[in-house]
Amino acid sequence: MSAVTTTSAEPLLRRGLTTARLPRWAPLGTAVLSVALGCGIGAGAGLKSHLQWGLISAALFVILSYGLAAKVEGRRQAKDRMATSVVWVAFVLAVVPLASLTVYTVQQGAGVVNGNFLTHSMKNVISSGPGGGIYHALIGTLEQVGLATAISAPIGLLTAVYLVEYGRGRLAKVVTFFVDVMTGVPSIVAGLFILSLWNILLGFDYSGFSGSLALAILMMPVVVRSTEEMLKLVPNELREASYALGVPKWKTILRIVIPTAIGGITTGVMLAVARITGETAPVMMLVFGADFINNDPFNGPQQSLPLYIWQQYAMVNNDFGYARAWGAALVLIAFVMGLNLIARGVARWRSPKAGH
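Conventions used here
Residues numbered from 1 in each chain as written. Predicted model: local features only at pLDDT ≥ 70, side-chain atom pairs only at ≥ 80, totals over all residues. Heavy atoms only, no water. Axes fitted to C-alpha atoms, helices over the stretch in contact; angles between N-to-C directions. Helix = DSSP H or I, 4+ residues; strand = E, 2+ residues; numbered from the N terminus. Parallel < 35°, antiparallel > 145°, perpendicular 65-115°, else oblique. Left-handed = near helix turned anticlockwise from the far one by under 90°. Contact = heavy atoms within 4.5 Å. Nonpolar A, V, L, I, M, F, W, Y, C, P; charged D, E, K, R; others polar. 1 Å grid on protein atoms, 1.4 Å probe; cavity = no way out; pocket = protein on both sides within 12 Å on 5 of 7 lines; lining within 4 Å. Points joined across faces, edges and corners; volume = space filled by probe spheres on them. Salt bridge = Lys/Arg side-chain N within 4 Å of Asp/Glu carboxyl O. Buried < 20%, exposed > 50% of the residue type's maximum accessible area, 1.4 Å probe, protein only. Phe/Tyr/Trp six-rings, centres within 6.5 Å; stacked < 30°, edge-to-face > 60°. Lys NZ or Arg CZ within 6 Å of the ring centre and 35° of its normal. Polar contact = N/O pair within 3.5 Å; in protein donor to acceptor, adjacent residues only side chain to side chain.

Participant: Is there a simple way to explain the packing of helix α7 (residues 170-183) against helix α9 (residues 208-232) in this structure?
Facilitator: Packed helix pairs are characterised by how far apart their axes lie and by the angle those axes make with each other. The geometry of α7 relative to α9 is characterised by a closest axis approach of 9 Å and an angle of 125 degrees between their N-to-C directions. Put simply, α7 runs oblique to α9. Every pair of crossing elements has a handedness; the one defined by α7 and α9 is left-handed. Residues Thr176, Val179, Asp180, Met182 and Thr183 of α7 form the contact with α9, whose participating residues are Ile217, Pro221, Val224 and Arg225. Taken together, the residues of the contact of α7 with α9 break down into five nonpolar, two polar and two charged.

Participant: Mind showing me how you'd approach empty space enclosed by the protein here?
Facilitator: Taken as a whole and judged by the stated rule, the model has one cavity of 30 Å³ or more. Volume-wise, the largest cavity comes out at about 40 Å³. Lining the largest cavity, in full, are Thr141, Gln144, Val145, Leu215, Ile276, Thr277, Glu279, Val283, Ser304 and Pro306. Every element with two or more residues in the lining of the largest cavity is listed here: α6 (135-166) and α11 (249-277). Ranked by residues supplied to the lining of the largest cavity, first place goes to α6 with three residues.

Participant: It is not clear to me how the pattern of salt bridges should be interpreted in this structure. Could you clarify?
Facilitator: Summed over all chains, the structure comprises six salt bridges. Among the ionic pairs, glutamate 228 bridges to arginine 225, the shortest N-O distance being 2.3 Å. Within this pair, glutamate 228 and its partner arginine 225 are both found in helix α9, separated by three residues, close to a single helical turn. Residue classification places arginine 225 among the partly exposed residues on the basis of a relative accessible area of 23%. Close ionic contact of glutamate 228 with lysine 232 constitutes a salt bridge, the shortest N to O distance being 3.6 Å. Here lysine 232 and glutamate 228 lie together in helix α9, a separation of four residues that amounts to about one turn. Taking the relative accessible area as the measure of exposure, lysine 232 reaches 48% and is therefore partly exposed.

Participant: What is the right way to look at the packing of aromatic side chains in this model?
Facilitator: Two measures describe an aromatic ring pair: the distance that separates the ring centres and the angle between the ring planes. According to the stated counting rule, one finds nine aromatic pairs in the structure shown. Taking the centre distance of 4.0 Å and the plane angle of 10 degrees together, the rings of tryptophan 198 and phenylalanine 204 count as stacked. An aromatic cluster of at least three residues, connected via ring pairs, comprises Tyr104, Tyr313, Tyr322 and Trp326. Between lysine 249 and the ring centre of tyrosine 166, over which it is positioned, the NZ or CZ distance is 4.6 Å.

Participant: Which parts of the structure should I look at to understand the side chain of threonine 252?
Facilitator: Mapping threonine 252 onto the fold places it in helix α11. Engagement of the side chain of threonine 252 in a polar contact is seen with the side chain of serine 242, the distance being 2.7 Å. Look past the residues within four positions of threonine 252 in its chain and what remains in contact with it is Arg239, Ser242, Tyr243, Val247 and Val257.

Participant: In this structure, what is going on with the side chain of threonine 227? I would like to understand it.
Facilitator: Locating threonine 227 in the fold gives a position in helix α9. With relative accessibility at 0%, the residue threonine 227 sits in the buried group. Within the structure, the side chain of threonine 227 is placed 2.7 Å from the backbone oxygen of valine 223, a separation counted as a polar contact. Discounting residues that sit within four places of it in the chain, threonine 227 has contacts with Leu157, Ala160 and Ile265.

Participant: Sorry if this is basic, but what is going on with unusual backbone geometry here?
Facilitator: For asparagine 124, which is not a glycine, the phi torsion comes out positive at approximately 60 degrees. Secondary-structure assignment places asparagine 124 in the loop between α5 (115-119) and α6. Among the residues examined, asparagine 124 registers a relative accessible area of 74% and is labelled exposed. The phi dihedral of phenylalanine 288 is positive, around 80 degrees, even though this residue is not glycine. Locating phenylalanine 288 in the fold gives a position in the loop between α12 (281-286) and α13 (305-313).

Participant: Where do I start with the environment of threonine 252 in this structure?
Facilitator: Classification of threonine 252 by relative accessible area gives buried; the value is 0%. Distance in space between the C-alpha atoms of threonine 252 and alanine 241 is 9.6 Å, their sequence separation being 11 residues. Polar contacts involving the side chain of threonine 252 include one to the main-chain carbonyl oxygen of proline 248, which spans 2.9 Å.

These values are about where atoms sit, not about what they do.
Below, the structure is given as structure tokens:
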């Protein structure tokens with residue numbers, strides 16, 4: 001019986017080793033051919049939009065990848081090739097708009113960003129004329145985002161700890177439900193809530209702190225969700241080992257659970273900060289905007305980068321305002337990208353492979 005099995009297996013093994021395969025350069029060659037054909041078809045059909053050319057090239061890439069693989073490697077491998085091609089097309093479709101936006105912003109704003117632009121405000125500067133800078137808006141953004149982080153990060157962390165470590169009853173379900181609801185709350189709703197409660201009902205004036213309260217509302221559910229997922233990834237064996245040594249639960253959470261997940265928690269907080277940095281609607285209603293430097297976020301109106309961009313770009317037929325808006329947008333993008341890079345660096349530094 002073993003001889004029969006061996007004899008029947010040998011042709012299958014031999015056939016598997018000698019199956020025809022496309023060369024390694026086939027995907028790249030198919031992509032180049034698809035782009036060339038897509039551009040040719042688009043030009044021949046009189047299509048003026050390069051986006052249409054790109055969509056034709058993407059469709060041809062998927063079709064040609066499947067056809068070549070089916071001809072050479074068989075239908076089963078062709079389906080795998082087609083799925084891989086669809087993933088690559090989706091990746092390119094996601095990256096191209098982001099890359100084009102970044103490149104265009106750099107082209108428009110690089111000529112404006114300099115030392116004078118970063119260290120001067122718009123005080124005594126004519127909006128329709130040259131000069132001025134974003135120093136007052138940069139200070140306002142840093143203070144408002146910093147206050148929002150100081151408010152939402154501890155509350156979000158403690159809420160996530162409760163949901164993961166203690167929450168088992170109806171209260172935990174209610175908290176989870178409201179966190180999910182808050183995740184989808186539009187920024188304008190958060191601004192209206194703080195405006196009604198803090199400014200109208202309690203009588204406080206416009207200030208950077210008012211905007212920070214609205215930003216904290218938007219930031220809090222993101223911190224809760226990301227921290228909750230990170231805490232769930234901590235192995236239960238670590239908790240059980242701590243309990244076996246007689247360590248109380250609160251100390252286990254403080255000394256074992258949170259330090260183990262601190263890399264992911266920091267990443268979530270940084271991403272939440274990046275999410276609120278570009279918000280305009282709450283700042284417009286609560287911070288009010290100013291053309292001068294106000295280092296006190298608790299008294300008087302302030303400026304922020306998103307509001308500054310909107311105000312400068314809202315001035316019709318003003319080339320100087322457009323230039324300042326693109327320069328501020330470039331600084332804002334660089335700030336958000338820096339936060340994301342810091343988050344990735346912290347996550348990699350605190351990863352188990354790094355030994356920290």
